[in-house]
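# Structural description and commentary
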Amino acid sequence: SQQGEEDPQALSIQEGENATMNCSYKTSINNLQWYRQNSGRGLVHLILIRSNEREKHSGRLRVTLDTSKKSSSLLITASRAADTASYFCATDAETSGSRLTFGEGTQLTVNP
Amino acid sequence: NAGVMQNPRHLVRRRGQEARLRCSPMKGHSHVYWYRQLPEEGLKFMVYLQKENIIDESGMPKERFSAEFPKEGPSILRIQQVVRGDSAAYFCASSLAGFSPLHFGNGTRLTVT
């Protein structure tokens, strides 16, 4: 299977709830990034976590990285309807030079 | 400070025609990437370029597809003799340096009829 697989494929929650998305990857990485994509638009970078970091915060976002399990999670706290989007993890593998490999994404729907 | 600009936003071509997609990176960015996205799927890497050089084209089909990033002007992704399977959204991204976050344009949606 490919580098960077998100789980679940789709997630539907109520406003105010927390949303957790997971990403697994196969090879050693330099860093892992999360991006968001609104329908019909380009991706927007959310957060980058380096391979020697375990946790990172940015506003309502919390990202964890477990290199031993080759997995990462993105937590969005106190979700809002405006958080509705697709979320992708992207890995910068040690063997792939500078290109990012994206997963298939998690479609998050936050219901008002 | 303008972001990554892609044009056109929508492009319709008949089978056998050529498609030219343009991308102007963010000011000061010298690294450009092209990705393709099919509906409900993630982005698939196509090619990575720096000014006047192709660094990695491992994701780009060997035939009909080419990309350039000249010293002056935008990066161009060119698809010759388009087929229906080329219909997709093509995204360009730029970065200040390798390994740094990518800044994406809003894509060109190519439809081959």
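Here's what I pulled together on the structure shown here. Along each chain, residues carry numbers from 1 onward, in the same order as the chain's sequence is written. Here every chain gets a letter starting at A, and every ligand a number starting at 1, in the order they are written. Per-residue local features are limited, in this predicted model, to residues with pLDDT of at least 70; the limit for side-chain atom pairs, both in listing and counting, is 80 or more; totals at the level of whole chains, interfaces and linings are taken over all residues. The side-chain values count all of the structure's non-hydrogen atoms but skip hydrogen atoms and water molecules.

### Topic: the interface of chain B and chain A
Residue-level contacts link 22 residues of chain B with 22 residues of chain A. Simply put, the buried area is the total loss of 1.4 Å probe accessible area from both parts when two parts are fitted together. Interface area for chain B against chain A, summed over the two sides, is near 1700 Å², with a carbon-plus-sulfur share of 50%. The rule for a salt bridge is simple: a side-chain nitrogen of Lys or Arg has to be within 4 Å of a carboxyl oxygen of Asp or Glu. Counting the contacts that link chain B with chain A gives two salt bridges. Of the charged contacts in the structure, one is a salt bridge between Arg99(A) and Asp56(B), with a shortest N-O distance of 3.0 Å. Should any heavy atoms of two residues lie within 4.5 Å, those residues are counted as being in contact.

### Digging into the environment of Phe91(B)
Residue and element names in this part refer to chain B. Strands here mean DSSP runs of E at least two residues long; helices mean DSSP runs of H or I at least four residues long; both are numbered from the N terminus. Inspection of the secondary structure puts phenylalanine 91 in strand E9 (residues 88–95). Burial here depends on accessible area, computed with a 1.4 Å probe over protein chains only, as a share of the maximum for the residue type. Under 20% is buried, over 50% is exposed, and the range in between is partly exposed. The exposure class assigned to phenylalanine 91 is buried, which follows from its relative accessible area of 0%. Once the C-alpha coordinates of phenylalanine 91 and glutamine 6 are considered, the two residues, 85 residues apart in sequence, prove to be 8.0 Å apart.

### Observations concerning the pattern of salt bridges
This model, assessed by the stated rule, comprises nine salt bridges over all chains. Of the charged contacts in the structure, one is a salt bridge between Lys44(B) and Glu104(A), with a shortest N-O distance of 3.0 Å. Separated into two different chains, Lys44(B) in strand E5 (residues 43–50) and Glu104(A) in the loop between strand E10 (101–102) and strand E11 (106–111) make up a pair that spans both. The class of Lys44(B) is partly exposed, set by a relative accessible area of 34%.

Worth remembering: the numbers are spatial, not functional.
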